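Per-entry structural report
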Amino acid sequence: MSSEPEFRPHRVVVLALDGLLPFELGIPHRIFGRPKDAEGRHLYEVVTCSIRPPGPVRTDADFDIQVGCGPQALATADTVIVPASYELGPVFEEGVLTDELAAALAHIRPGTRLASICTGVYVLAAAGLLDGRPATTHWADAERFQRLFPKIKVDADVLFIDEGDVLTSAGVAAGIDLCLHMVRRDHGTAIANDVARRTVVPPHRDGGQAQYIHRPVPDPQQASTTSARAWALGRLHEPIQLRDMAEQESMSVRTFTRRFREEVGVSPGQWLTQQRVERARHLLESTDLSVDQVAADAGFGTAQSMRQHLQTALGVTPTTYRRTFRTAGQADVRVTSGT
């Protein structure tokens, strides 16, 4: 008889609340519904539930959705995701759970991973799950959210925050970033990047990237930093100075730095580090190169430098990361991106 454990997909239960945003409700199904293992088996099972018995749930659009599971489904979850809702009532107004919502959340088993998209964070906060922790939400709600929940360390300047067992994200597209981040955390960059390609979204936006970029679409009359980024990506293994990138766009360092942050949401230095971490992750997962070779190819110079950067970004050493994602089974890596 085989000693292999029986395969069981990770179960993601999405909590559908009245007033939900259909787009954000669909994000977990789109992202977690894609990943498969080498045998073609789905790595996740996604289930939607309500806080009431099966039936209709109102949306903020001109249609309702029919939900086939009641709150008991929360007891079967490995991960629970709470998308945004515009009808949270006392949760949004007073920071307290309704009896019905509290009873539903009581089904969640200890140790279940919890995540919120946009104003779904109010539910986690009202349940007392974020006290003393950093969290984020849509930038337009952040000030009010902080007043309502003073024990929470609100950061309105990031896309998402990963606290290990509890994750929070900003609005709309940041929910995609969060879900891709969880896939990457569970199964590595190769699978997450494949999901991103199939979904036609960027494969990775770091959690610490700014939510609100003042000029998200560059003025066509002004020079962009696109060429400099492409130039740098082809030379990650080489030392790259800020002035080198600025010269690719024929800009002064000061102008280039300002324009880069406006277009990308982070500084050139932060962006370079993010790209090098992603390069190192890919090489650790997909090659047998030594740690020293990976460090050189990713542009960190030394194994010690790469170790420090991966420890900061991922909470693990290069050797642990490689061992985790070069073997079968699920990862249990605590990622601290955005904190």
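Residues numbered from 1 in each chain as written. Predicted model: local features only at pLDDT ≥ 70, side-chain atom pairs only at ≥ 80, totals over all residues. Heavy atoms only, no water.

Attention shifts here to the pairing of strand β2 (residues 44-49). Inspection of the sheet shows strand β1 (residues 10-15) paired to β2 by six bridges, in the parallel sense. By the bridge assignment for β2, H10 is matched with Y44. For the crossover that starts at β1, traverses helix α1 (residues 22-32) and ends in the parallel β2, the hand is right-handed. (Pairing = 2+ DSSP bridges. Helix = DSSP H or I, 4+ residues; strand = E, 2+ residues; numbered from the N terminus. Right-handed = clockwise from strand over helix to strand, strands pointing away.)

Let us now look at the confidence of the model for the protein chain. Per-residue confidence for the protein chain gives a mean pLDDT of 87; residues scoring 70 or more make up 88%. Segment residues 208-221 is flagged for pLDDT under 50; beyond a separation of four residues in sequence, or across chains, it makes 34 contacts in the model. Confidence drops under a pLDDT of 50 for residues 328-339, and excluding neighbours within four residues, the segment shows 40 contacts in the predicted structure. (pLDDT = per-residue confidence, 0-100. Contact = heavy atoms within 4.5 Å.)

If you walk across this open sheet you meet the six strands as β2-β1-β5-β6-β10-β9, and the pairing is mixed. This sheet does not close on itself; its edge strands, each paired only once, are β2 and β9 (160-162). Between one strand and the next, the sheet's axes are offset by a mean angle of 15 degrees, whatever the strand orientation. α1 contacts β1, β2, β5 (79-82) and β6 (113-117) of the sheet and is inclined by roughly 160 degrees relative to β2. (Axes fitted to C-alpha atoms, helices over the stretch in contact; angles between N-to-C directions.)

Mapped onto the elements, T136 comes out in the loop between β7 (134-135) and α5 (142-148). Among the polar contacts made by the side chain of T136, one reaches the main-chain carbonyl oxygen of D155 at a distance of 2.6 Å. (Polar contact = N/O pair within 3.5 Å; in protein donor to acceptor, adjacent residues only side chain to side chain.)

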